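Here is what each chain is made of, one letter per residue.
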Amino acid sequence: MNSYYVINLLIYAAVDAMACLGLSQQFGVAGVTNFGFIIFQAAGGYTAAILALPADSANGGFQSYLGGLNLPFPVPWIGAAVVGGVIALPFTFLVGRRLRGDFAAVGLLVTAVLMNLLATNYRPLFNGAAGLSLIPQPLQGEYNSQSTGYQWALAAVAVALCAVVYLFVRRITESPYGRSLRAMRDNDIVADSLGKNLLSLRTAMLVAGGAIAGLSGGILVSYITTWSPAAWGYAETVVLFAAVIIGGAGNHRGAILGAILVPVGFEEVTRYIPTTNGLPPNLIPSLQWVAIGLLIVVFLWFRPQGILPERKRVIRLAPLRPPAEPGPAGPVPADSVPAGSVPAEPGPAGPAPRAEAAAASALPRPTPPPTAEDVPGDREVVLQAVDVVREFGGVRAVAGVSLSVRRGTLTGLIGPNGAGKSTLLAMLAGTLPVSSGHIRYLGEDVTALPAYRRARLGLIRTFQLASEFKRLTVMENLLTSVPGNRGDSLRGALTGPRYWRGDEDAAIARATALLERFGLEAHANSYAGDLSGGQRRMVEIMRALMAEPRMLLLDEPMAGVHPNLARKIGGELLTLAADGLTVLMVEHELAIMDEFCDPVIAMAEGAVLAQGTMSELRRRSDVVEAYLVG
Amino acid sequence: MKFTSPATGRRRRALVLAAAISAAALAALTGCSAASSSGGTAAAGAPASGGAATGSALTVADVAPFSGPDASLGPTYLASCYGATAAINAAGGVLGHQLTCKSVDTRGDPADAVPAVNQMFASTSNLALVIGCTSDEAAAVVPIINARKMTMFCMTGQSEFDSVHFPYFYRLVPPDLEESYAMVAIAQQLHYQKIALAFGNDIGSQTFIQPAIAALKKAGITLTTDQTLDLTATTFRTEAEAIVQSHPDAIMTEALGSADPTLFSEIEQLNGGKMIPVIGTSAAISPAFFKSAASAVGASTFSSQFHADNLVTETSGPAYQAFSAALLGQQGKVPGATGDFTTYLSAPGGVHLYDGINLASLAMIMSKSTNPSVYGPDILTIGDGAAGATVCYSFASCKSLLAAGKAIRYEGPGGPTSFDSYHDSTGIFQIDTYSANGQVNVVGNLSAAQLRALSG
Amino acid sequence: MTIFLSSVGFGLVTASVLAVAAIGFTLQFGVTDVLNLAYGAVMIAGAFLAYLLNSHGVNVWIGLVVAVAACAAGSVLLNAGVYAPFQRRGTAPITMVIVSLGMTLIIEFGVQAMTGGTSVSYAMSLGPSVSADGFTLTTVQFVVIGLSVLVMAGTHALLRYTRLGKAMRATAANRTLARNCGIRTGRVITATWAITGGLCGLAGVIFAMDAGSFDATSTDLFLVLILAAVFLGGPGQAYGAMLGAVIIGLSTEVSAAYITPSYKYVIAFVALLIMLGVRPTGLLGKTA
């Protein structure tokens, strides 16, 4: 029995699986749709080739190419991975900005075609359409590269590297950093508003995926000893995407399965169709492409999650334990006190009711509690808008608004439809740029600061429309907004679970307490997208609270919520305000304003009409008219 | 989006995963058992190279593109395989075995060619010979086939194979280098003073340019412009305009697929309705090319303005008779061979691979073995001919001479062979044209001396 | 100078084919928010349908009319059967692009499976050429330019003066609002796909006439030119598509006269990438 074919399949499977893992990491986990993916594999292949080949003049002179450094194994493979990662950097201009996903995808597709065109036509680069051949194989001088022993060894190395890549992407994905990636995938604007630096995340994924693809290209080139533009057209990218979609985007085992089924299985199976039939020779390959197209569309319709869908990450709720010793000086078990927060009030010993104590310590304590003589009007201004204007093509949605919000207040923002409330809120949060004017937060001018930076300073917003991370569980939703988790960086993720376990457990404890406080602990491990409208609202608010905000910007938080629940949420907010949290809340329910908000700002037609308590506003004729008319 | 409950979902997924992996593994392993080769009874388990079991059929594999831009090449070679093996089988076969043909589609790119060839070795139990291997895939597959110690007769003109030693590699077609010289020699013979170049940007065509430029210089012919055609583009108006503006006497070109026909029609249009004479390469001698070119500018216009170089092939005599009878007998039986079948009588793949199959078969008989390591040297003996060898022109006649104990030299429709140390044999060139009905005519000859005068 | 003039002539022809195609593509996107990457495949299907008739002796201009009708019907089916159901499910735009790539494979290689891999051309006379100082165009090319001008004028008239056109513009701006204003958006969408599908078929046939010879994969690169023209002018803007087509058509052909012609598409690609990076709303679109 001829084992060369099995070896061939094995190496191709390893290379394709590696490429699919890289693509799945970009597309399935981080939501970066990289239609130019094949360029990175091609770059890796070419790099490995020109590093391994001798100088072109010494190689018979009939190929012309750059490089030709004749470097020994494993340098060509290392170079392939490095170059694959480095050339990802220019692509960030397409995916980093706020460009529609489909536009960015088109740009990447076009870039792949462009690169292929350049490589084909510019001969001095990589020998044009003929490509590079007679590429030396690893350790070719020492071993007979055509013997079965050598080839099995090469296959084993390829499979081993594929396993390494698998562990690498798994480690990234199963970490707080991976959770942030998935949050970005599910709703990037919301992730941005919770402090995630989208550009940095996407760049990291492009580079990581590019390096993986580059390595796969290097291995492939070492096996087949040639590389030409015909081997990496945009069709190859489509095949890889089909593999990831069918196998299961976002599931790493799914990526491997997809690689085995599509580029290897499907393409190889067609070789077995006997060729003596009277069919025209072009028919089978054409039908093969039709089949791949059909598979893509059919899978996206019937089973978009793929054969192996993304697993649900079930997180055990951290049990609450009372402090081992009452009293301020006593050591407190780690999981009932969140890391870095102020310890429970000094005072007489005596166990406070467990849930209350833990819950109280779970909630954010950004500033010292106010003293008794505190008067709202005397407190410092946390957020200030100075003459803020927003224009949309000639229409002034916000026409010169100036307002101040003081610490510890629950300020309401009301107004009829079209008054500009949500627009103003968006500008305050940074998710929308101002046309003119200034915004000051904690004394600093933050007008030019992007949303995620403001979030890291403690300015957190919620959204009017449903904005939970649908494919994350409720618990995961809450955990994403935790700032300062050591595992929420690439380096932290790669260092491993032992490094960030502490921070993670502390966050889980806080989240558990919050869930119990809001009564949703039973749903902790349900997908947020499966909850009812009111429950999703609460998840959003809890998520905002988990971010340790100093100031909350809430956009209609009670919309669609049962009045009892609304009252409960309002009560929670009041408690938090008493502890120093500042809230600015847009609401339509005037009863809520009555009960909870002081002061209240009334807007109409893009400008502030008046400010005061609800009862004061009700007495003003201009406010009443704006509501009747507007 | 609905998510199934974890337990049933997991079980189902595990089953699907297991099924998928077993299917893929099965597909791979079946490659090692009963062959899927066309026709014939194939014994399972016999090693690829080594003695074949008595009575079983020997396979000749056509490793070439059957799909993609060069899809016309595979069927051309298959036609000659069918012709040659039919004649061999009619004369009693080789050492008691009948011969059968198999096509192996490389899809025109190296990454696909490698698994195709590996699968061929895994699934073909009585492989005796490989033919084909064009420039699209040769660089990738020749080392593999050579390592498996299988004889191959290749069609690639790439310069790599002019001086790299692969013991199992044989080539009966000239390197592209020589074809460039032949084209320039044609230009000389037709007294053209100014030539424009228009070559495609693919592997096979790129290699003509530099030698052609050098040869034109040596011949004292002016190069008016050198245009490279992107084979994926659909119009070449700018290139055509540049060519027309440079006022050449003729154009030297090779740009396969739809590129050349498009170029011709645009040149004609921009040149006030008059087509400029064209000198093409041997790749233009194919029914598919004639069909496209004729529909682009009209059959009579095209045929009156077109010349191509081609390796000398006989058009009469005993070798040609045998060849023509064998090949034409396969008309209509070769899958994918469309167009005028008689063109295969002149197509390089048609003629020289027929010779290659005959040479290999006769070598097997002479060495009494189907093992390429054993019969290989006899190919050279029969091709070059030892001193005092009798010349024979067909498999049947050569076989009977061998049976009578005589030393032979095979001379087929491709003319006499003369292998150098790299197993390359190039013959002399002739000048071909088409008639308006697509028939190929030989209108002149080029001598080796003419070519040598142009080489650098 | 003659090379320059003749390349301007070629540029006008390319721009004409591109304009017809780009207007259809951009209206599909504007009204239904789908980047229909299968547009090129439908074009070549139309071209082959006309070829099928032509190879049986039918005049290619009749074949053109048939192709227009068939592509109109086919595009309506494509949207109603594939894109609209996905959109109703709330599919993300990026997934819609992948769906349209899948449809491209099905249509393009379906055509290739039926017609084979070799290239073909129409049996038609190109008519006498008109030459002026290097600027050479055949009659057919003049007809193509004329058709394109007609299409542009017709589009202008449709969008500005007819009720359907206004309904299309309203639906493109805000579908929900349009429906609330009493516009029957379902019908508008069907009509849009029918009209743009017809334009697609027309573009396919005149593309094939202009190309000399074509096969099932000939429109792969042309689709990129369409995208460049559309994004240059502003996606969803019909006038932007016209402007973009003229700029791209002329610049690629004129540049080919001065740099190596193999690279002429590079200009279009680079223009597209720059627009996406700097101003995705296009030259005629409004900045967000």
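Above this note sits the structure.
Residues numbered from 1 in each chain as written. Chains lettered and ligands numbered in written order. Predicted model: local features only at pLDDT ≥ 70, side-chain atom pairs only at ≥ 80, totals over all residues.

Novice: Which residues make up the overall build of chain A, and what values do they have?
Specialist: Looking only at helices and strands, one finds 24 helices and ten strands in chain A. A burial count over chain A gives 56% of its 630 residues as buried. Pairs at least 24 apart in sequence give 75% of the contacts found in chain A among residues at least 6 apart. (Helix = DSSP H or I, 4+ residues; strand = E, 2+ residues; numbered from the N terminus. Buried ≥ 20, exposed ≤ 12 C-beta atoms within 10 Å, placed from the backbone. Contact = placed C-beta atoms within 7 Å.)

Novice: Would you mind going over the sheet that holds strand E4 (residues 152–154) of chain B in detail, with residue names and values included?
Specialist: Through backbone hydrogen bonds, the strands of a sheet pair up, either in parallel or in antiparallel fashion. All names here are of chain B. Spatial ordering of the open sheet is given by E2-E1-E3-E4-E5, a layout of five strands whose pairing is parallel. Edge positions in the open sheet fall to strand E2 (99–105) and strand E5 (169–171), since each of these has one partner strand only. Shown here is a sheet whose adjacent strand axes are inclined to one another by a mean of 25°, direction ignored. The pairing of strand E3 (residues 127–132) with E4 spans three bridges and is classified as parallel. When the sheet's bridge partners are listed, Gly 132 is paired in E4 with Cys 154. Sitting on the sheet, helix H3 (residues 110–123) touches strand E1 (58–64), E2 and E3, and the angle it makes with E2 is about 150°. This element, helix H14 (residues 348–367), spans E1, E3, E4 and E5 of the sheet and lies at about 160° to E3. (Pairing = 2+ DSSP bridges. Axes fitted to C-alpha atoms, helices over the stretch in contact; angles between N-to-C directions.)

Novice: Talk me through the sheet that holds strand E10 (residues 306–311) of chain B; I want residue IDs and the actual numbers.
Specialist: Residue and element names in this part refer to chain B. Pairing is mixed in the open sheet, where seven strands are placed in the order E7-E6-E8-E9-E10-E13-E14. Taken across any chain shown, the strands that pair with only one partner, and hence form the sheet edges, are strand E7 (222–229) and strand E14 (440–446). Going from strand to strand, the sheet's axes swing by 25° on average, the running direction of each strand aside. As paired strands, strand E9 (residues 278–280) and E10 are joined by three bridges and run parallel to one another. Among the inter-strand pairings, Gly 280 is bridged to a residue of E10, identified as Ala 308. Its contacts with the sheet place helix H9 (residues 237–245) against strand E6 (194–200), E7 and strand E8 (250–254), and it is angled at close to 175° to E7.

Novice: Outline helix H8 (residues 185–211) of chain C, supporting the account with residue identities and numerical values.
Specialist: Residue pairs three or four apart in sequence face the same way in an α-helix, which turns once every 3.6 residues. Helix length check: H8 of chain C, at 27 residues, gives a terminal C-alpha distance of 38 Å against a target of 39 Å (1.5 Å per residue), a fit within 8%. Positioned one or two residues after H8 of chain C, Gly 212 of chain C has a phi angle of 85°, which is positive. (Expected span 1.5 Å × (residues − 1).)

Novice: Before we move on, can you summarise the interface of chain A and chain C with the specific residues and values?
Specialist: Counting from both sides, the interface comprises 33 residues of chain A and, opposite them, 34 residues of chain C. Elements that contribute at least two residues to the side of chain A that touches chain C include exactly helix H4 (92–95), helix H5 (101–121), helix H11 (234–247) and helix H13 (283–302) of chain A. The biggest single contributor to the side of chain A that touches chain C is H5 of chain A, with twelve residues. Residue classes in the side of chain A that touches chain C are distributed as 22 nonpolar, nine polar and two charged. (Nonpolar A, V, L, I, M, F, W, Y, C, P; charged D, E, K, R; others polar.)

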